[in-house]
Amino acid sequence: MTTADAQALLDNIVGQVFGFKNPLTLDQFMQKFTFDIRLPQQVTDSYDGSKTWAQSINPTRFMKMENARGVEIGGAGPDTDWLRPKRLLNTIEDVMAAWSDINYTTTERYIDVLNVSESDNVSFSENVYRSQDIHKCKNVLFTDGLYESEFVAAGQRAKNSTYSIRIEDSDACTNSFSIQWCAHITNCFFMHDAGDMQDSMFCTNINGKQFCIANMQYEEAEYRKIRDMVARWILTQ
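(A) Molecular detail of the packing of aromatic side chains. Here the structure, examined in full by the defined rule, presents twelve aromatic pairs. Relative to Tyr163, the ring of Phe151 lies with its centre 4.4 Å away and its plane at 5 degrees, an arrangement referred to as stacked. Taken together, the positions of Phe151 in strand 12 (residues 150-153) and Tyr163 in strand 14 (residues 162-168) put the pair twelve residues apart, joining distant regions of the chain. An identical accessibility class is assigned to Phe151 and Tyr163; each is buried.

This is how it looks when you write it as structure tokens:
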């Protein structure tokens, strides 16, 4: 997935969620909305010196999955079914030296994916950019932990959601922004511990309402006017 593809995807998501043309570049969006999200970091492939992306940077040596599956390392490779010649291991130093020969952390771990880049630990997904722990998803950017969702940016540990930005520990969210510990949220901003809410903002511990702001009930026309003001404020750099 190219940066141009990622920018087009971001423009699509922002436009759908806020109802305004996206004014932010990829870098501006990252700085503004992903400050607390764990994202893959760039490291160096120890085999060929190329750049790669890892979910964890605690190890010291890395290797892209395509290299780990396709080249010979420490005498082991595809032709030997990844076994290498046995050698004597008389001391713990011998054991650790043998381990060091092949101790690479695999990066860019992809299983049955299409159009994925700058990501790690992605399976059965397509159109994923700079994300990790993504499974059965499409059209995802800057996200850590997402399952069976589409058109999500800056999400964390969410599932069954679409067209949402900064959703966290939530399920079944649509067209929403900044949602934490919620379920079945539609067209909402800044919601916490709420469920079955529509067209509401800044609400906490509330269920089954529409056109609410800070747990106060408004008429639809009043709500729409304030909602547009808030949306413009969110997108202001």
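(B) Inspection of the nonpolar core at higher detail. Counting residues in hydrophobic clusters, the biggest one holds 33 residues, and the most contacted among them are Ile13, Phe18, Phe29, Leu141, Ile165 and Phe189. Elements with a contribution of two residues or more to this core: helix 1 (3-18), helix 2 (26-33), strand 12, strand 14 and helix 5 (220-235). Residue contributions to this core peak at seven residues, all from helix 1. Discounting residues that sit within four places of it in the chain, Leu141 has contacts with Ala6, Leu9, Leu10, Ile13, Leu26, Tyr129, Ser131, Val152, Ala153 and Ala154. Within the second largest apolar cluster, 22 residues are counted, among which are Val140, Cys173, Ala194 and Cys203.

(C) Molecular detail of the packing of helix 1 against helix 5. Taken N-terminus to C-terminus, the directions of helix 1 and helix 5 make an angle of 155 degrees; their axes are 10 Å apart at the nearest point. Here helix 5 runs roughly antiparallel to helix 1, going by the angle between their axes. Across the interface between the two elements, Val14, Val17 and Phe18 of helix 1 pack against Arg227, Ala231, Ile234 and Leu235 of helix 5. A breakdown of the residues in the contact of helix 1 with helix 5 according to their chemical character gives six nonpolar, no polar and one charged.

(D) Representation of the pairing of strand 2 (residues 51-54) within the structure. When strand 1 (residues 41-44) meets strand 2, the two strands line up antiparallel, connected through four bridges. Directly across from Val43, in strand 2, lies its bridge partner Thr52. Following strand 1, the chain reverses through six residues before pairing antiparallel with strand 2; Gly49 in that reversal takes a positive phi of roughly 75 degrees.

(E) Quick peek at the side chain of Ser119. Tracing the backbone shows Ser119 in the loop between strand 6 (114-117) and strand 7 (120-123). Since its relative accessible area comes to 0%, Ser119 is described here as buried. Among all residues touching Ser119, those that are not within four sequence positions of it are Pro40, Trp53, Glu108, Tyr110, Val128, Tyr129, Arg130 and Ser131.

(F) Molecular detail of helix 1. Helix length check: helix 1 (16 residues) gives 22 Å between terminal C-alpha atoms against 22 Å at 1.5 Å per residue, within 8%. All buried positions along helix 1 are accounted for by Ala6, Leu9, Leu10, Ile13, Val14, Val17 and Phe18. Buried positions in helix 1, seen along its axis, are confined to an arc of 135 degrees and lie on one side of it. Of the residues trailing helix 1, Gly19 is marked for its positive phi of about 80 degrees.

(G) Inspection of the pattern of salt bridges at higher detail. Scanning the model with the defined rule gives twelve salt bridges in all. Residue Asp144 pairs with Arg38 through a salt bridge whose shortest N-O separation is 3.3 Å. Taken together, the residues Asp144 in strand 11 (residues 144-147) and Arg38 in the loop between helix 2 and strand 1 connect sequence positions 106 residues apart. A relative accessible area of 47% means that Arg38 is categorised as partly exposed. Across the salt bridge formed by Glu220 and Arg224, the nearest N and O atoms sit 3.3 Å from each other. Of the two residues, Glu220 and Arg224 both sit in helix 5, four residues apart, roughly one turn of that helix. The exposure class assigned to Glu220 is partly exposed, which follows from its relative accessible area of 41%. Put simply, Asp45, Asp48 and Lys64 are held in one network by salt bridges that share partners.

What counts and how
Residues numbered from 1 in each chain as written. Predicted model: local features only at pLDDT ≥ 70, side-chain atom pairs only at ≥ 80, totals over all residues. Heavy atoms only, no water. Phe/Tyr/Trp six-rings, centres within 6.5 Å; stacked < 30°, edge-to-face > 60°. Helix = DSSP H or I, 4+ residues; strand = E, 2+ residues; numbered from the N terminus. Buried < 20%, exposed > 50% of the residue type's maximum accessible area, 1.4 Å probe, protein only. Core = buried A, V, L, I, M, F, W, Y, C linked by side-chain atoms within 4.5 Å. Contact = heavy atoms within 4.5 Å. Axes fitted to C-alpha atoms, helices over the stretch in contact; angles between N-to-C directions. Parallel < 35°, antiparallel > 145°, perpendicular 65-115°, else oblique. Nonpolar A, V, L, I, M, F, W, Y, C, P; charged D, E, K, R; others polar. Pairing = 2+ DSSP bridges. Expected span 1.5 Å × (residues − 1). Arc of directions from axis to C-beta. Salt bridge = Lys/Arg side-chain N within 4 Å of Asp/Glu carboxyl O.

Interpretation in functional terms is not warranted from these geometric data alone.
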